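Listed below, chain by chain, are the residues.
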Amino acid sequence: MTEHFCTAAERAAFTDASLPLIAVEPIERCDQCGSTSHHEFARGRDYEIRTNRNEWIFVQCEQCQLVRLHPRPAVSTLPVIYPPTYYAYQYENIPWLARTAKALLDRRKLRGIIGALQRPVESYADLGCGTGRYLHAMHASGVPKERIHGLELDARVIEKLRSEGFQAHHDRVETCTAIAPGSLDLATMFHVIEHVDSPSAVIGRVAEWMAPGGVFALETPNLDSMDARRFKERWWGGYHIPRHWTLFTPETLQAMLRSHGFEPFAVRYQTGHSFWMYSYHHLLKYGPKPRPELAERFDPMRNVATLAGFTAWDLLRGAFGSRTSAMLVLARRRVE
């Protein structure tokens, strides 16, 4: 494939010989319907942290409309695209004010999820639990630690959570055997499903763990949002290239959940402040009229004031029913 550069600024940044050209693997079939028929949806590069110099392409399935990265990074390159400085590993280094605001939003979100279950939560799993903040929140609400599971790929995090008494597992959803079938009242997965190899396989596995009537809460970027449409062709922050491998609309995610025995019953729109900010960051830094100094003001890891502004903007829009760029889909395991 001929290498393509959208602008001179992009060319200057991504012909840097110090950046590796990493190995890829084709993803010929749609994860939902198996079709090989697709068309190009968007393309771009790793504008956030410049881990490689590849150009990446998202395609959309002609049959079910699911969007996937094709080709995508080879498994052997995961340590390259997820370096030690990756933001998910640096949560404790986020400014105190931003962490405090995030904690308030997290508690609000979790209360809403628990309320939707319509029965006491006696068992819980957070799939991609990070440092365990949701595990601690569920224990504080009365769930015993021996009934709280966390899955994470960072062995250091898992060791710490185990020492605190949680059922923490250094494993992937697809291969985990530590959670008993039909044992979970509530499972959450916050901004993880878009990163996994096969979202359909993950959702199918979670379905096995859920008790009848149990609730699965999935949060992920929303392609059917104002900023996703505005920056669709290249710059949208929600692409998180090349770490997001599958992207959804509310309709495509609900269809996948239904195919595995879940019944979606609510879609709640969350703040997509970082997606807005990264979209402007990418456009201003690598677009046709680059303004790198201004671009830095839209880095959500460094600018609390701008972050607060976009958070308020999305909270207001969400309150009036607008589809923001982060969606939380709640689905109940069908009672057979």
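First, a word on scope: everything that follows refers to the structure included in this document. Worth saying up front: this structure is predicted, and the values here are computed from it rather than measured. Within each chain, residue numbers correspond to sequence positions counted from 1 in written order. Reporting of local features is limited, given that this is a predicted model, to residues whose pLDDT is at least 70; pairs of side-chain atoms are given and counted only at 80 or more, and all residues count toward the totals for whole chains, interfaces and linings. Only hydrogens and water are set aside; all other atoms, that is, all heavy atoms of the structure, feed into the side-chain values.

1. What about the pattern of salt bridges?
Using the following cut-off: Every case where a carboxyl oxygen of Asp or Glu lies within 4 Å of a side-chain nitrogen of Lys or Arg is listed as a salt bridge. We call a residue buried when its accessible area falls under 20% of the maximum for its residue type, exposed when it is over 50%, and partly exposed in between, using a 1.4 Å probe and counting protein chains only.
Counted under the stated rule, the structure contains 25 salt bridges. Glu40 is paired through a salt bridge with Arg43; the nearest N and O atoms lie 2.9 Å apart. Since its relative accessible area comes to 44%, Glu40 is described here as partly exposed. Judged by relative accessible area, which is 16%, Arg43 ranks as buried.

2. With respect to the packing of helix H6 (residues 199-209) against helix H8 (residues 250-258)
This is how the line gets drawn: Note on geometry: axes are C-alpha line fits, over the in-contact stretch for helices, and angles between N-to-C directions span 0 to 180 degrees. The secondary structure listing takes helices from DSSP runs of H or I that are at least 4 residues long and strands from runs of E that are at least 2 residues long, numbered from the N terminus. Just so you know how the angles are binned, under 35 degrees is roughly parallel, over 145 roughly antiparallel, 65 to 115 roughly perpendicular, and the rest oblique. Definitions for this section: a left-handed crossing has its near helix turned counterclockwise from the far helix by less than a right angle. A right-handed crossing has that turn clockwise. Any two residues having at least one pair of non-hydrogen atoms within 4.5 Å are treated as being in contact. Ten residues, namely Ala, Val, Leu, Ile, Met, Phe, Trp, Tyr, Cys and Pro, are considered nonpolar, four, namely Asp, Glu, Lys and Arg, are considered charged, and the remaining ones, Gly among them, are considered polar.
Running from N to C, H6 and H8 point in directions that differ by 50 degrees, and their axes come no closer than 9 Å. Classified by the interaxial angle, the pair formed by H6 and H8 is oblique. Read as a crossing pair, H6 and H8 show a hand that is right-handed. Contacts from Pro199, Ser200 and Ile203 of H6 reach H8 at Leu253, Met256 and Leu257. Its residues assigned to classes, the contact of H6 with H8 shows five nonpolar, one polar and no charged.

3. Some points on the nonpolar core
How we decide: Take the buried Ala, Val, Leu, Ile, Met, Phe, Trp, Tyr and Cys residues and link them wherever side-chain atoms come within 4.5 Å; each set so joined is a nonpolar core.
Within the largest apolar cluster, 33 residues are counted, with the highest numbers of intra-cluster contacts made by Phe14, Phe41, Phe58, Leu223, Trp236 and Tyr239. Elements supplying a minimum of two residues to this core: helix H1 (8-14), strand S2 (38-44), strand S3 (56-61), strand S4 (67-69), helix H9 (273-286) and helix H11 (304-319). For this core, the element with the highest residue contribution is H9, accounting for five residues. Not counting the four nearest positions on each side in its chain, Leu223 is found in contact with Phe41, Val67, Ala228, Trp236, Tyr239, Leu247, Phe248 and Thr249. Ranked by size, the runner-up nonpolar core spans 31 residues in total, among them Leu151, Ile193, Val206 and Leu253.

4. Points about the sheet that holds strand S9 (residues 184-190)
Rules: Note on pairing: two strands pair once DSSP finds at least 2 bridges between them.
The strand order across the open sheet built from seven strands is S8-S7-S6-S9-S10-S13-S12, with neighbouring strands paired in mixed fashion. One side of each edge strand has no neighbouring strand; the edge strands of this open sheet are strand S8 (167-169) and strand S12 (262-270). Neighbouring strand axes in the sheet, compared pairwise and without regard to direction, differ in orientation by 15 degrees on average. As defined by bridge partners, strand S7 (residues 148-151) adjoins S8 across three bridges and the pair is classed as parallel. What sits directly across from Gly150, in S8, is Ala168.

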